[in-house]
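A structural walkthrough
Next come the chains, spelled out residue by residue.
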Amino acid sequence: MSLALAAACAALLLARLAGEALAPLFVALALVLAGGALGWARTALVAAPVLDFRYYGPVEGRIIGIDRSQSDAVRLTLDHVRLGDMAPGRVPEKVRVSLHGDQRWLLPEPGLGVMLTANLSPPPGPVEPGGYDFRRQAWFDGIGAVGYTRTPVFAVIPAEQGRGGLALFRARVALSEAIRERLGGQPGAFAAALLTGDRSAVSQDTLEHLRASNLAHLLAISGLHMGLLTGTIFTAIRALLALVPWVALRLDGRKVAAVIALVAGAGYLGLSGGNIATERAFIMVSVMLGAVLIGRRAISLRAVALAAVIVLLRRPEALLSPGFQMSFSATTALVAVFAALRDAGGFGRGWPAVLKGAASLVISSAVAGAATAPFAAAHFNRIADYGLIANLASVPVMGLWVMPWALVAGVLAPLGLSWLPLQIMGWGCAWILGVAAWVAGLEGAVTHVIAPGPWVLPLLALGALWLVLSRGAGRWLGLSGVAAALLLWTQADRPVLLVSDRGGLVGLMGPEGRALSKDRGEAFTAEVWLENDGDGATQEAAAARMGAAEAGVLRFEAAGRAVTHVSGRGAAAKAAGLCGPGLLITSVEPKPAVTGACDLWSPKRMRQTGALAVMPDGRLVTAAEVAGRRPWSP
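Residues numbered from 1 in each chain as written. Predicted model: local features only at pLDDT ≥ 70, side-chain atom pairs only at ≥ 80, totals over all residues. Heavy atoms only, no water.

One pass over the full model with this rule turns up one disulfide. Through a disulfide, Cys579 is tied to Cys598; the S-S separation comes to 1.9 Å. Measuring handedness by torsion sign, the sulfur bridge of Cys579 and Cys598 sits at about -105 degrees and is left-handed. Of this pair, Cys579 sits in the loop between helix 20 (571-576) and strand 14 (583-586) while Cys598 sits in the loop between strand 14 and strand 15 (599-601), placing them 19 residues apart in sequence. The exposure class assigned to Cys579 is buried, which follows from its relative accessible area of 17%. (Disulfide = S-S within 2.5 Å. Helix = DSSP H or I, 4+ residues; strand = E, 2+ residues; numbered from the N terminus. Buried < 20%, exposed > 50% of the residue type's maximum accessible area, 1.4 Å probe, protein only.)

Moving on: the nonpolar core. With 48 residues, the main nonpolar core has Phe190, Leu215, Met398 and Met425 as its most contacted residues. Listing elements by their share of this core, those giving two or more residues are helix 4 (167-183), helix 5 (185-196), helix 6 (204-212), helix 7 (223-242), helix 9 (253-271), helix 10 (276-293), helix 14 (387-412) and helix 15 (419-440). At eight residues, helix 15 tops the list of elements feeding residues into this core. When neighbours within four sequence positions are excluded, Met398 is seen to be in contact with Leu194, Leu218, Leu224, His225, Leu228, Met403, Pro404 and Ile432. Counting 22 residues, the second largest nonpolar core, distinct from the first, contains Met86, Val95, Val97 and Leu99. (Core = buried A, V, L, I, M, F, W, Y, C linked by side-chain atoms within 4.5 Å. Contact = heavy atoms within 4.5 Å.)

Within the secondary structure, Thr622 sits in strand 17 (residues 620-622). According to the relative accessible area criterion, Thr622 is buried, its value standing at 10%. Remark: the alpha-carbon pair of Thr622 and Ala193, spanning 429 residues in sequence, is separated by 39 Å.

Within the open sheet, the five strands sit side by side as 11-10-9-16-17. Their pairing is antiparallel. Every interior strand has two partners, whereas the edge strands, strand 11 (513-516) and strand 17, have only one. For this sheet, the mean inter-axis angle between neighbouring strands, taken without regard to orientation, is 20 degrees. Across three bridges, the pairing between strand 9 (residues 497-499) and strand 10 (residues 506-510) is antiparallel. Bridging across to strand 10, Leu498 finds its partner in Gly507. Strands in contact with helix 18 (residues 523-532) are strand 9, strand 10 and strand 11; relative to strand 11, the strand with the most contacts, it is inclined by about 165 degrees. (Pairing = 2+ DSSP bridges. Axes fitted to C-alpha atoms, helices over the stretch in contact; angles between N-to-C directions.)

Before going further, it helps to examine a nonpolar patch on the surface. There is a patch of nonpolar side chains on the surface, built from Leu240, Leu243, Val244 and Trp246 and spanning about 470 Å² of accessible area. Position of Leu243 relative to the elements: it lies in the loop between helix 7 and helix 8 (245-250). Overall, the relative accessible area of 66% leaves Leu243 in the exposed class. (Patch = residues over 30% accessible without salt bridge, like charges linked within 9 Å, V, L, I, M, F, W, Y side chains within 5 Å. Areas by Shrake-Rupley, 256 points an atom, 1.4 Å probe, with all protein chains shown as cover. Salt bridge = Lys/Arg side-chain N within 4 Å of Asp/Glu carboxyl O.)

Now for the pairing of strand 10. The two faces of a sheet get side chains in turn, since along a regular strand they alternate between them. Linkage of strand 9 to strand 10, two consecutive antiparallel strands, is achieved through a turn of six residues, within which Gly503 is found at a positive phi near 80 degrees. Two elements, strand 10 and strand 11, share four bridges in a ladder whose sense is antiparallel. Residue Gly510 lies in a different strand from strand 11, and its bridge partner there is Gly513. Linking strand 10 back to strand 11 in an antiparallel pair, the connection comprises two residues.

Bringing helix 15 into the picture now. Compared with the 32 Å implied by 1.5 Å per residue over 22 residues, the 31 Å span of helix 15 between its first and last C-alpha is a close match. Within helix 15 the residues assigned to the buried category are Pro421, Leu422, Ile424, Met425, Gly426, Gly428, Cys429, Ile432, Leu433, Val435, Ala436 and Val439. At its buried positions, helix 15 is contacted by helix 4, helix 5, helix 6 and helix 14. (Expected span 1.5 Å × (residues − 1).)

Interpretation in functional terms is not warranted from these geometric data alone.
Set out below in structure tokens:
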């Protein structure tokens, strides 16, 4: 860290000594070095114990988070954790547990102390070399173990005794429950997610419809929601002040409205749980409203850059998150495009207000969609082909109907009259969900995309930024960077063979796509492999490509290597007699021990290496090798 800071200072000194042409390069180098030092400091500051073995036994803790897992099970995040007789210094600060089985005895509440018997393990690593590493995110979230229980969870400490520090969380849960009770069904769940960030009642079908129609961004309390809320308040306050001449002549209505909107935005941030996306949106709104207070242009690329710097100073790890990349790519593109239209002076001149508003909506939806599409495709391996249609049909309803009525509900809540505006708001939520379901049901609604290589997004971002920030004819050189990134993407190579970190699932690339060794089990791993391949097949369909195993033994060739995979009943005994030239992959430890010329990949070895891949050129690559040594790595 010290060395990086010293090098950053040296680069800044060289920037002062260098000429005007070279100074920006040295400044950029200094910023990169300072960012690396900041990332190291942040990594050290959030360090907390991580479980280093598989644990089964009693777990006690306090509920500080309630959501749903990918399998649609209720999931609890606990702090104040106790694990059997484990020494306190080794116990994770937080654990996350999915609840399966009959849980009729538990009504999860913030602050409730619970006791359960759970299977816990360290946060999982990438399901393939170079893939998304959940351990990294868990490290920065302070989660040291994840797992599940199939036995009942019991309350042992009343929520009232454990509510210290959870006032906002309790308020969120109470408000979310009130909204769902009032509106009911998925519109109520959607409305609760919009206003409190609580997605626990949003069904998997609804989520899939929103993703397939490119409307999932409406669920994340981000720039759109924060902008609509603060913008509505800002406009309403200015209009009210203008109606009172005595006040309008003595106060700057814009500044008064900016202060009130800023306070409202801070309240929304706290009520929504203050996640990274909402925090980022609030910072951007604060920068813009702050510009109004000091008499500067509220919306500019400088404001966007300042917001990005503040976010990264607080959470440098956010740089690699999809939310950060998509949010700032959309905002940067929108500011740049509308600034260019404003400078051109011709856009909307003499048009009726309705026509100008409609044109602005189409342009903003198209620009934001185009700016975020590459990042969404890279992270989620899909493109919503009719996303523009869905957004044009839904975003106006969100801005002109849902959020204003939500604001009215908040104003009338102290009088006990919020039920009427909430009901009206619910009609808008039902419309948006209907649009999502309709668009998702259209033929060809989703195009699956192969995962890009590691240099695609950096090159794409640099090219786009050059295009936006440069002036003169040289700015168009940015298009070459974008084109090069897209060309690299088309040349992305996928592994010929993938092996899960337990050795229980293998996936062999064939002419029809990846063939999987089993049609159920390790479903998340199978889903991610197929998504990264750009393959929309289900696990069951992909397993049908492999063909039946003979007594639990699969034999095939991958990039010139002979491969034998042994799993299922009696695998330990079978594996001992199958060691020949090539790879021997087992889901259990062979007994007796394997002897022979094979390269054995058993669970014991793969606990150290993580997932395995055989590349097209025959190289063996492991997840641990690609990830390198990191504080969150085992």
